[in-house]
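# Understanding the architecture of this molecule
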Amino acid sequence: MEQQRLFSNQKLIRLIIPLVIEQGLTILVGMCDGVMVSSVGEAAISGVSLVDMINAVVLTLFAALATGGAVVTSQFLGAQQMEKARRSAGQLVWMAAGLGMAAMILCLVFAKGLLRLFFGSIDADVMAAGLLYLRITALSFPFIALYNAGAAIFRSVGNSKVSMKVSVLMNIINVVGNAVCIFALKMGVAGVAVPTLISRAVAAVLILVLAANPRQELYLQRESLFRLDRRMMGSILHIGIPSACENSFFQLGRLVVVSMIALFGTTQTSANAVANTLDSVGIIIGQAMSLAMVTVVGQSVGAGDPEQVKYYVKKLIGWSYVLMGICNLLIILFIDPLIGLYSSLSPETVLLARRLVLIHSSFAILMWPVAFVLPNALRAANDVRFTMWVGVGSMMAFRIAGSWILCVQLGWGAIGVWIAMIIDWVCRISFFVPRMLSGKWQSKYVPD
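Just so it is clear, the model here is predicted, and its values are computed rather than measured.

A separate point is the pattern of salt bridges. Enumeration according to the criterion identifies seven salt bridges in this entry. Residues Arg 428 and Glu 246 are paired through a salt bridge, measuring 3.8 Å at the closest nitrogen-oxygen approach. Linking Arg 428 in helix α17 (residues 414-438) with Glu 246 in helix α10 (residues 230-262), this pair joins segments that are 182 residues apart in sequence. Classification of Glu 246 as buried rests on a relative accessible area of 3%. Arg 354 is the salt-bridge partner of Asp 336, the closest N and O atoms lying 2.8 Å from each other. Note that Asp 336 is positioned in helix α14 (residues 335-339) and Arg 354 in helix α15 (residues 347-380), a separation of 18 residues in sequence. Asp 336 gets classed as partly exposed once you look at its relative accessible area, which sits at 46%. Through salt bridges with shared partners, a single ionic network connects Glu 246, Arg 379 and Arg 428.

Counting residues in each nonpolar core, the largest one holds 146 residues, and the members touching the most others are Phe 119, Val 313 and Trp 425. In terms of residues, this core owes the most to one element, helix α2 (residues 42-78), which gives 17 residues. Contact partners of Trp 425, with chain neighbours within four places excluded, come to His 360, Phe 363, Ala 364, Met 367, Trp 368, Ala 371, Phe 372 and Arg 399.

Let us now look at the environment of Gln 23. Inspection of the secondary structure assignment puts Gln 23 in helix α1 (residues 9-38). Excluding residues that lie within four positions of it along the chain, Gln 23 makes contacts with Ile 284, Gln 287, Ala 288 and Leu 291.

Thresholds, definitions, all that
Residues numbered from 1 in each chain as written. Predicted model: local features only at pLDDT ≥ 70, side-chain atom pairs only at ≥ 80, totals over all residues. Heavy atoms only, no water. Salt bridge = Lys/Arg side-chain N within 4 Å of Asp/Glu carboxyl O. Helix = DSSP H or I, 4+ residues; strand = E, 2+ residues; numbered from the N terminus. Buried < 20%, exposed > 50% of the residue type's maximum accessible area, 1.4 Å probe, protein only. Core = buried A, V, L, I, M, F, W, Y, C linked by side-chain atoms within 4.5 Å. Contact = heavy atoms within 4.5 Å.

Structural data, given as structure tokens:
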């Protein structure tokens with residue numbers, strides 16, 4: 001019966017809609033950044049997009065840590081162990097602060113080396129733009145890590161409205177700041193980076209203040225923030241480290257294949273950047289469903305109820321297919337005006353970007369939910385090593401090696417990379433679907 005479920009349809013909708021809005025804002029603000037910086041020239045948009053690949057690796061680490069914290073906290077909430085849930089929330093914030101500082105220092109010290117390592121063959125003006133953008137955005141890493149931790153705490157209890165509202169404010173600051181700094185102050189690439197830093201700092205402070213409110217069911221306790229709990233940290237890292245390895249390797253793989261595309265010049269690099277941004281719009285709902293899956297399955301696991309896990313996995317995957325299908329069909333229908341938002345693009349860049357978007361959107365309708373939403377259910381059930389090995393193995397065998405063959409050896413450029421990406425999706429599906437159906441994941445979760 002519906003009333004016996006941990007999450008009613010209404011409760012699921014209240015969880016998912018703010019997540020969709022939050023994910024959508026993040027992507028759309030990224031599009032606004034790209035559109036505005038494109039007015040500076042193709043070198044600027046190429047430099048920013050390439051550095052965003054490096055930033056994506058770092059942000060993946062923060063997201064993986066937040067996922068680990070969300071899984072552990074959700075499981076404690078499902079088991080009605082509130083004190084442990086509060087301790088796990090405090091340890092998550094402490095660990096996020098440390099990881100954010102370490103990433104900032106690393107990128108500031110080795111900024112030029114990182115760009116040369118991944119994109120050594122790019123033009124000098126693209127390198128200069130990327131170096132400036134990386135150094136400024138690196139200063140925001142501690143703040144975005146703390147924001148992710150705070151957002152994970154609220155999502156663990158099914159309250160995604162708070163992170164959504166903070167995200168709205170953060171993105172308003174970012175977009176308005178971009179417009180002022182780029183068009184009024186003529187700051188160029190720096191005009192995109194500085195508002196990012198300011199908006200993330202504001203968001204981090206605000207969400208942590210809200211998370212410390214003791215009137216909430218789950219809140220940050222002072223003693224949890226300043227007292228190390230090695231066992232709790234270990235529980236978070238048990239989920240976070242495999243997720244970080246898988247997802248950071250995924251982003252590193254993207255860096256490698258983009259460096260292959262860079263061999264073919266600025267036109268291919270710019271088309272790839274535009275296509276990546278538009279493709280991100282097509283997976284907004286899928287990413288929101290992935291976050292919801294962690295909360296819902298995590299609480300079901302904590303309650304020791306595998307039947308509810310199966311029920312919610314089927315429901316959320318089904319919703320993902322319907323909603324992502326609608327979204328990607330709209331992208332296909334309106335592809336020309338969407339690409340037209342980007343100014344200063346050559347006809348060759350526009351044509352290639354159009355082909356890349358059509359490839360992604362067409363196959364995302366068929367495969368993305370089971371390739372990327374489903375594994376979050378396995379992670380929330382502590383089956384993290386399986387998802388890690390599948391993700392890493394598929395990335396190495398198909399996305400990297402396949403891109404090398406199709407993109408470089410056969411000379412297909414970005415088209416070859418996109419085809420290799422689809423083959424990677426097929427591989428992931430061939431492992432994740434049988435794993436879920438087999439029920440082997442049930443042996444991985446035992447509430448603490």
